[in-house]
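If you want the building blocks of each chain, they are given just below.
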Amino acid sequence: MADDPRQTDGPLPVPPRQAARLMRAATHASVTVAVALTLAKLAAWLVTDSVSLLSTLLDSLLDAAASVINLIAVHHALQPADEDHRFGHGKAEPLAGLAQAAFISGSAVFLIVQAGQRLFHPRAVVNPEVGYVVLAVSIALTLVLVVFQKYVVRRTGSVAIGADSLHYQTDILVNASIVVSLVLSSRFGWTAADPLFALAIAGYILWGAIGIGTKAYNILMDRELPEADRLRIREVTVGVPGVLGVHDVRTRSSGPQVFIQLHLELKDDMALDAAHEIALAVERALLAAYPRAEVLVHPDPVSVVGAMRDREAALGES
């Protein structure tokens, strides 16, 4: 959860312009690395005829496609709100996530078919040394990219880059496992290792696609923030002097931005200007806890809230 933009203990907020520069740099670095690795793995697969290398080639193709989608999504998500999109363009990120999930799922199914055919019609892996070199370079480049992406996520809280970084972290494990499969196939003659590792990787890719799709769907459907965040919002709010209580807390996220709406419970005889000052104090406190939030506060007299609750209780009993 450290890379979740809604977890304020993780990201270290930076000014919007600096955050935008970091996010754009991360997306461009991701595309560059993905394209370079795709070309290298394509050459290695043609030389070795390894279905495991084919699996990591497909994974790199997915990375390249996902990185391009993320680049476009981040570009749109960073656009300021306008007359037609008053809440900004943050949902470009989860829309891109759904597209990634669909594309990844289709590629995983294709890989399962290819690996299944090779399992029943095994072939020996040739020129494994080429595969070792390409995989070593892939692991090194991916590791550098992941370190940079994690830095960007800590500073910006980007959902898209966080998901992209998680994908590349799994790539490191995938490439390491393929090295093992090449060793088993070429040096120990276990030809089944190549397609078996490919099947395992395909399953892992498919599971990742389900996770990406679920997260994107939840954001698009305006799912509430985690309960821990909702509790923190209540604690921050009631901690402001003059606030007697809080109710009707509503939250959602859109890209890196968080939206918080709530009703304050204040003294009945409080002057309008005093209530306004307390509402501003609550907004400032919530923005300190959630720097990328848009906060909407509505003050209510505490007696009205109590009467409303009494009516609701009476209706519930009847």
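For the structure itself, consult the block above.
One structure accompanies this document, and this report is about it. (Residues numbered from 1 in each chain as written. Predicted model: local features only at pLDDT ≥ 70, side-chain atom pairs only at ≥ 80, totals over all residues. Heavy atoms only, no water.)

Re the pattern of salt bridges
Basically, it comes down to this: Whenever a carboxyl oxygen of Asp or Glu lies within 4 Å of a side-chain nitrogen of Lys or Arg, that contact is scored as a salt bridge. The helix and strand labels rest on DSSP assignments: H or I over at least four residues marks a helix, E over at least two residues marks a strand, and numbering proceeds from the N terminus. Exposure classes here rest on a 1.4 Å probe applied to the protein chains alone. A residue is buried below 20% of its type maximum, exposed above 50%, and partly exposed in between.
The final tally for this structure, using the stated rule, is 3 salt bridges. Among the ionic pairs, R230 bridges to E227, the shortest N-O distance being 3.8 Å. Of this pair, R230 and E227 both sit in helix α7 (residues 227-238), 3 residues apart, which is roughly one turn of that helix. Two residues, D248 and R250, come together in a salt bridge whose shortest N-O distance is 3.3 Å. Exposure remark for D248: the relative accessible area of 34% places this residue in the partly exposed category.

Re the pairing of strand β1 (residues 245-254)
Sheet faces and side chains relate simply in a regular strand, where the side chains alternate between the two faces. Where we set the bar: One requirement defines pairing of two strands: DSSP has to find at least two bridges between them.
Most of β1 is tucked away: 8 of the 10 residues are buried. With 8 bridges connecting them, β1 and strand β2 (residues 257-266) associate as antiparallel partners. Within β2, the residue paired with S254 across the bridge is Q257.

A few points about the sheet that holds β2
This is how it is decided: Axis angles are defined between N-to-C directions and span 0 to 180 degrees, where every axis is a line fitted to C-alpha atoms and, for a helix, only to the segment in contact. In this description, contact between two residues means that some pair of their heavy atoms is separated by no more than 4.5 Å.
Spatial ordering of the open sheet is given by β1-β2-β3, a layout of 3 strands whose pairing is mixed. For this open sheet the edge positions go to β1 and β3 (293-301), each flanked by a neighbour on one side alone. The mean angle between the axes of side-by-side strands here comes to 10 degrees, regardless of whether they run parallel or antiparallel. Strand direction decides the pairing type here: β2 and β3, joined by 9 bridges, are parallel. Across the sheet, residue L264 finds its bridge partner in β3, namely P299. This element, α7, spans β1 and β2 of the sheet and lies at about 135 degrees to β1.

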